[in-house]
Amino acid sequence: MGIDLSLRLTSHPDLRPRDPEDRLVAWAKGFVPIAWWALFTPGDAVMGRHGLALITRSDAALDRLGRRAATIRAVAGRHALGLRTIETILQDAPDLFLRAELHELYESMPDLAELCDPGRLDVWPHELDRGRLVATKHHGGSLADGVVGGVPNREVELPDPATLEARSLAALRTGDSYELDLLEEALARQLVEAHAPWLSLTRRRWGDGRGEAEADQVLTALAEGRPEPFAPLAGKYAPHAAYALSTAVARDRERRRALRRALRGATEPLAAPLALALDVNCPSRDALYVAEWLDGGPPPRAVASREAVLACRLAAIGAPACLLSPHDPIAVAERALGWHDAVLQGATQPVALADAPDLAMSRALGLSAEVARSGLHEDASDGALATAARDAAVVLCRSAITIDGPTRAALRESPTPEAPFLAGADRACVHLALGELDALPALLADDATSPAALVAALRSAGVGDRALGWLTKRARSGDLAAAALVLDTPGADDTALTAARIAAEPALRRLAAIRAHFEEGSVTLSERDAVLAEVAELARALGPDGAPLRAALGD
């Protein structure tokens, strides 16, 4: 038998047997949902003959919930949706008492000061991952069961799915998690039906069901290209089949190359555990990542879809330590941190959502080095973090030109974390791009300054004329962006203009080289496109003299 726990409304302020008029508010099995502890204080405890109960006035419980609901929504998202039902029930019964019947779990007094602590949300069996609660193998049901428990079925009005993108950006700007559960639920309902076959395969449900022989037959069929390769596991309990495949492929080293080929483009649900083990990017693995998010797991950062990107945005609303999807247009820091090495696997173009450069800027300026480091590989050096910061600064300086004056001024006043991701010359370049001109002399004298970031910052700030000497040297060395800026700077002298114009010849050579490297596979699509964009910008700035470059770009 399970351990049954309940929240009930009663007219009695003391511990008595249940009254037929008592009203069931919520229920749970095995452990107390974290939101229940938020409704009470240690002084509400009553030890009866059979164990512990908590009793408080319903209006007091509603007041406590009102103060703590935002925090719970921030860490639990859609899995806290049932809080709205509890809030409504308590609002409708201001003169009653709320009783938590916990006697089947607690026969003696627990540490209520700790359990009722509003700052403690990772109560077993929950775990916190980057500030979000995630379900573990110890959950017998859903994460919602562990956060709120079961509640009476009530319809909740959800946002129009067409508004999710705009509302996610607005909430991300303000950090307001009030609507987070509604936004995530509206998104999830678009995905549940299509991902139902993978929901039974999420890794927290895997277990050993002795399917080794059938799993080996599947691997043989896949490696040999037979039809219906997963048929041997058709009658197996799905979580056991997934576990059997995962362990079988970990042992099978000889056929890994053939299996990787067979899994490319795989859509069969049971292909997902194999794709995970062999690190093969395929639709089935993407579907499993999304299903695990639906099942209370972490956001699907590896998946290049609009819905997956929105799921990551929503997770970051109440948990600033949550990194965005690297496929998100505003995920400048995440891409600089090298997420593309681990998850993009060639799909380097962001998902087609509206860009918000001001939000990308504010997130990067507010990012701490500690959180940023969590986006790197575990064995990454301090140098890797510094390189990522420099790469992010270049992108941010280039995008600053699209941000309006008042927003730039507000961004310059952004608070600096104690140990920021963007520091030193990188941060100063970004501030210059935002219009903080006092930073320029020090940047020009600092050998640690990124030339690419400084050129972009000078263009965004419209102050190329204040660094013409430096820009001329850069143009003479073959810096295409510096040459284009010299040509665009009013008042540039003949020496500077001549140095800029002769950059056309090295630009042609660089264009040919990057194309050759791309064909060889030694550079990514985004790296090639970045060089093409620099050449195109120089061709534009050269005017009629840029005809040879335009012709070469048109090849």
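Residues numbered from 1 in each chain as written. Predicted model: local features only at pLDDT ≥ 70, side-chain atom pairs only at ≥ 80, totals over all residues. Heavy atoms only, no water.

### A closer look at the overall build of the protein chain
Looking only at helices and strands, the protein chain features 29 helices and 7 strands. Its C-alpha atoms give the protein chain principal-axis dimensions of roughly 95 × 60 × 40 Å. The proportion of buried residues among the 555 residues of the protein chain is 51%. Across the protein chain, contacts joining residues at least 24 apart in sequence account for 68% of those joining residues at least 6 apart. When the accessible area of the protein chain is evaluated, it comes to approximately 25,100 Å², of which 51% is carbon and sulfur surface. Of the charged side chains in the protein chain, 60 are positive and 77 negative, and the gap between their average positions amounts to 2 Å. (Helix = DSSP H or I, 4+ residues; strand = E, 2+ residues; numbered from the N terminus. Buried < 20%, exposed > 50% of the residue type's maximum accessible area, 1.4 Å probe, protein only. Contact = heavy atoms within 4.5 Å. Areas by Shrake-Rupley, 256 points an atom, 1.4 Å probe, with all protein chains shown as cover. Lys, Arg positive; Asp, Glu negative; His and termini not counted. Charge placed at Lys NZ, Arg CZ, Asp CG, Glu CD.)

### Quick look at helix α19 (residues 382–399)
Taking 1.5 Å of rise per residue, 18 residues should cover 26 Å, and α19 covers 26 Å from first to last C-alpha, within 8% of that figure. Of the positions making up α19, those classed as buried are L385, A388, A389, A392, A393, V394, L396, C397 and S399. Where α19 is buried, its residues contact α15 (332–336), α17 (357–365), α18 (369–373), α21 (424–433) and α23 (451–461). (Expected span 1.5 Å × (residues − 1).)

### Some remarks on the pattern of salt bridges
The final tally for this structure, using the stated rule, is 35 salt bridges. A salt bridge links D63 to R67, with the shortest nitrogen-to-oxygen separation between them at 3.0 Å. With D63 and R67 both in helix α2 (residues 58–76), this residue pair falls 4 residues apart, about one helical turn. Looking at D63, the relative accessible area reads 43%, which means it is partly exposed. Residue D382 is joined to R373 by a salt bridge in which the shortest nitrogen-to-oxygen separation is 2.4 Å. When its relative accessible area of 30% is taken as the criterion, R373 is described as partly exposed. The network of salt bridges with shared partners includes R8, R18, D22, R99 and E101. (Salt bridge = Lys/Arg side-chain N within 4 Å of Asp/Glu carboxyl O.)

### Some points on the packing of α2 against helix α3 (residues 83–91)
Running from amino to carboxyl end, α2 crosses α3 at an angle of 160°, the nearest separation of the two axes being 10 Å. With respect to α3, the axis of α2 lies roughly antiparallel. As α2 runs across α3, the sense of the crossing is left-handed. Residue-level contacts link S58, A61, L62, L65, A69, I72 and R73 of α2 to L83, R84, I86, E87, L90 and Q91 of α3. Class assignment for the residues of the contact of α2 with α3 results in 8 nonpolar, 2 polar and 3 charged. (Axes fitted to C-alpha atoms, helices over the stretch in contact; angles between N-to-C directions. Parallel < 35°, antiparallel > 145°, perpendicular 65-115°, else oblique. Left-handed = near helix turned anticlockwise from the far one by under 90°. Nonpolar A, V, L, I, M, F, W, Y, C, P; charged D, E, K, R; others polar.)

### Describing the confidence of the model for the protein chain
Here the protein chain shows a mean pLDDT of 92. Residues at 70 or above account for 95%. Within the model, pLDDT remains below 50 along residues 340–348, and this stretch shows 17 contacts once partners closer than five positions in the same chain are excluded. (pLDDT = per-residue confidence, 0-100.)

### Describing the sheet that holds strand β1 (residues 4–10)
Ordered in space as β2-β1-β5-β4-β3, the 5 strands form an open sheet in which the pairing is antiparallel. With one partner strand each, in any of the chains shown, β2 (23–29) and β3 (45–47) form the two edges of the open sheet. Neighbour-to-neighbour, the strand axes of the sheet open up by a mean angle of 20°, direction not taken into account. Pairing of β1 with strand β5 (residues 97–101), which is carried by 5 bridges, proceeds in the antiparallel orientation. The partner of T10 across the bridge, within β5, is F97. Relative to the sheet, α2 contacts β1, β4 (52–57) and β5, its axis offset from that of β4 by approximately 90°. On top of the sheet, α3 reaches β1, β2 and β5; it is set at about 150° to β2, its chief contact. (Pairing = 2+ DSSP bridges.)

### Notes on the environment of L485
As for its position among the elements, L485 is in helix α25 (residues 480–488). The spatial distance from the C-alpha of L485 to the C-alpha of E127 is 51 Å, given a sequence separation of 358 residues. Contact partners of L485, with chain neighbours within four places excluded, come to V455, L458, R459, G464 and L471.

### Some remarks on the nonpolar core
The biggest cluster of nonpolar side chains holds 137 residues, and the ones touching the most others in it are M361, F421, L422, V430, L458 and L538. When sequence neighbours within four positions are dropped, the list of residues in contact with L538 reads L480, A483, A484, L487, A500, A503, A504, A507 and L549. Grouped together as the second largest cluster of nonpolar side chains are 41 residues, A28, I34, Y106 and L112 included. (Core = buried A, V, L, I, M, F, W, Y, C linked by side-chain atoms within 4.5 Å.)

### What about unusual backbone geometry?
Of note in this structure, R130 is not a glycine but carries a positive phi near 55°. Classification of R130 as partly exposed rests on a relative accessible area of 21%. Unlike most non-glycine residues, D279 shows phi in positive territory, near 55°. With respect to the helices and strands, the residue D279 is situated in the loop between α12 (271–278) and α13 (283–294).

### Let's talk about the pairing of β5
In terms of burial, β5 is largely enclosed, as 5 of its 5 residues are buried. Burial of β5 is two-sided: the residues F97, R99 and E101 facing one way and the residues L98 and A100 facing the other way are all buried. In this structure, β4 lies alongside β5, joined through 5 bridges in antiparallel fashion. In the sheet register, R57 faces β5, and the bridge partner there is F97.

### With respect to the packing of aromatic side chains
Tallying each qualifying case throughout the model produces 1 aromatic pair. Just above the ring of Y178 sits the side chain of R84; from NZ or CZ to the centre is 4.9 Å. (Phe/Tyr/Trp six-rings, centres within 6.5 Å; stacked < 30°, edge-to-face > 60°. Lys NZ or Arg CZ within 6 Å of the ring centre and 35° of its normal.)

### Some remarks on the environment of S284
Mapped onto the secondary structure, S284 falls in helix α13. The residues contacting S284, other than those within four sequence positions of it, are W198, A266, T267, E268, P269, A271 and A272.

### Things to note about helix α11 (residues 256–263)
Every buried residue belonging to α11 is among A258, L259 and L263, and all of these are buried. Viewed along the axis of α11, the buried residues span an arc of 130°, placing them on a single side of the element. Packed against the buried residues of α11 are α9 (212–223), α10 (238–251) and α12. Of the residues one or two after α11, G265 is the one with positive phi, at around 80°. (Arc of directions from axis to C-beta.)

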